[in-house]
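A closer look at the structure
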Amino acid sequence: MVFSRLAPWAVALPVALALGLLGCGAGEPAASTTPAAGPASAAGAATEVTVFAAASLTGTFTELGKAFEAAHPGTSVRFNFGSSATLAQQITQGAPADVFAAASPATMKTVTDASLASSPTTFARNKLQIAVPAANPAKVEGLKDLTDPKVKVALCAEQVPCGAAAAKALEAAGLTVKPVTLEQDVKATLTKVELGEVDAALVYRTDVIASAGKVNGIEFPEADKAINDYPIATLAKAPAGDLAGQFVDLVLSPQGKDVLTKAGFEAP
């Protein structure tokens, strides 16, 4: 479709697509994606559902997307993974999407306050760990070690859920950490550790598990005071409303809960 004038989101969204639409964010490999759906059926039924989801859901939602396609032959699931704050902004600026799964109630509220979604459901919870390289060269053992100026630390930017959680945990511990980098989503933050560019980072437990041994996770008690709830909702202007509802049902089903639990998420 050709537009005579670009909508506000039309500039930002292609950038997100180039960096990993259907991927995770800058500085990391793009997530597996499903092929674009073909034309709608003769009856006009939608054959594609577009899901905007927090970067930390990349692995689990990709798996659930494949299960959804298997259960709905001829249907494709397309993902846009990234910072929940960025995704919420894209939705409010008019980006076409059917489902939004956020890493915090605050980012979902941006969408519900704009009357673009209603009655979101919390489907999972996640908490932080300290991620360190497998060899742990800085000998990090706990949260206090991150205050050492010799320890290079990566954090998520505070406006995104993983950054807000990190700030809350550090406040609970009465500690101040000066990061060498602030990243726009949790996957980009974890990548800094995997590449050895930093000595430690505060990321979600699920992302440590997903790294498959590339990093080690260190638990700390203050993480219990900064747990993030993950809400999901169909969008009011969803082009594929029926499919959107069915995808949300899958996420909330026992099958969805099993996939999320195995990845390290906690039940709400």
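Sequence order as written defines residue numbering, which begins from 1 separately in each chain. Selection of residues for local features in this predicted model requires a pLDDT of at least 70, selection of side-chain atom pairs for listing and counting requires 80 or more, and totals for whole chains, interfaces and linings are taken over all residues. Only hydrogens and water are removed before side-chain values are computed, so all heavy atoms of the structure are retained for them.

Thoughts on the overall build of the protein
Spelled out, the test is: Labels follow the DSSP assignment, with helices taken as runs of H or I lasting at least four residues and strands as runs of E lasting at least two, numbered in each case from the N terminus. For every residue, the accessible area (1.4 Å probe, protein chains only) is compared with the maximum for its type, and the residue is labelled buried under 20%, exposed over 50%, or partly exposed between those bounds. Note on contacts: a residue pair is in contact if any heavy atoms of the two residues lie within 4.5 Å. The protein chains shown are the only cover counted for residues, whose accessible areas, like all others here, come from Shrake-Rupley with a 1.4 Å probe.
Scanning the protein from N- to C-terminus turns up nine helices and ten strands. Scored against the burial criterion, the 268 residues of the protein give a buried share of 51%. Looking at the protein alone, contacts between residues at least 24 apart form 77% of all its contacts between residues at least 6 apart. Carbon together with sulfur atoms contributes 54% to the accessible area of the protein, which is approximately 12400 Å² in total.

Notes on empty space enclosed by the protein
Empty space among the atoms becomes visible once a probe the size of a water molecule is rolled across them. Cut-off, in case you're wondering: Detection works on a 1 Å grid of protein atoms alone, calling trapped sets that fit a 1.4 Å probe cavities and calling open sets with protein on both sides within 12 Å along at least five of seven lines pockets, with lining residues defined by an atom within 4 Å of a point. Grid points are joined across faces, edges and corners, and a volume is the space filled by probe spheres set on the points. For this scheme, ten residues count as nonpolar: Ala, Val, Leu, Ile, Met, Phe, Trp, Tyr, Cys and Pro. Four count as charged, namely Asp, Glu, Lys and Arg, and the remainder, Gly too, count as polar.
Across all of its chains, the model carries one cavity of 30 Å³ or more by this definition. In this model, the largest cavity occupies a volume close to 70 Å³. Lining of the largest cavity is provided by 14 residues; of these, A55, S84, A103, P161 and V186 occupy positions nearest its centre. For the lining of the largest cavity, a count of residues per class yields eight nonpolar, five polar and one charged.

As for helix α9 (residues 254–262)
Going by this rule: This arc is taken over the directions from the axis of the helix to the C-beta atoms.
Every buried residue of α9 is accounted for by G256, V259 and L260. The arc enclosing the buried residues of α9, seen along the axis, measures out at 95°, which places them on a common side. Of the exposed residues in α9, the ones pointing more than 90 degrees away from its buried face are P254, T261 and K262. For α9, the elements touching its buried residues are α2 (58–71), β4 (121–126) and α8 (241–252). Among the residues trailing α9, G264 stands out with phi positive, at a value near 105°.

Description of the environment of V177
On the secondary structure map, V177 appears in the loop between α5 (161–173) and β7 (181–183). V177 sits 24 residues away from V153 along the chain, and the two C-alpha atoms are 8.0 Å apart. Excluding its chain neighbours within four sequence positions, the residues that come into contact with V177 are L146, T147, V153 and L170.

Quick notes on the packing of aromatic side chains
For the record, the criterion: Between rings of Phe, Tyr and Trp, where Trp is taken as its six-membered ring, a pair exists when centres lie within 6.5 Å; planes separated by under 30 degrees are stacked, by over 60 edge-to-face, and by other angles tilted.
Inspection of the entire model under this criterion finds nine aromatic pairs. Geometrically, the ring pair formed by F123 and Y230 is edge-to-face, given 6.2 Å between the ring centres and 85° between the ring planes. Residue F123 is found in strand β4, and its partner Y230 is found in strand β10 (residues 228–234); the two are separated by 107 residues along the sequence. Judged by centre distance (6.1 Å) and plane angle (65°), the rings of Y204 and Y230 are edge-to-face.

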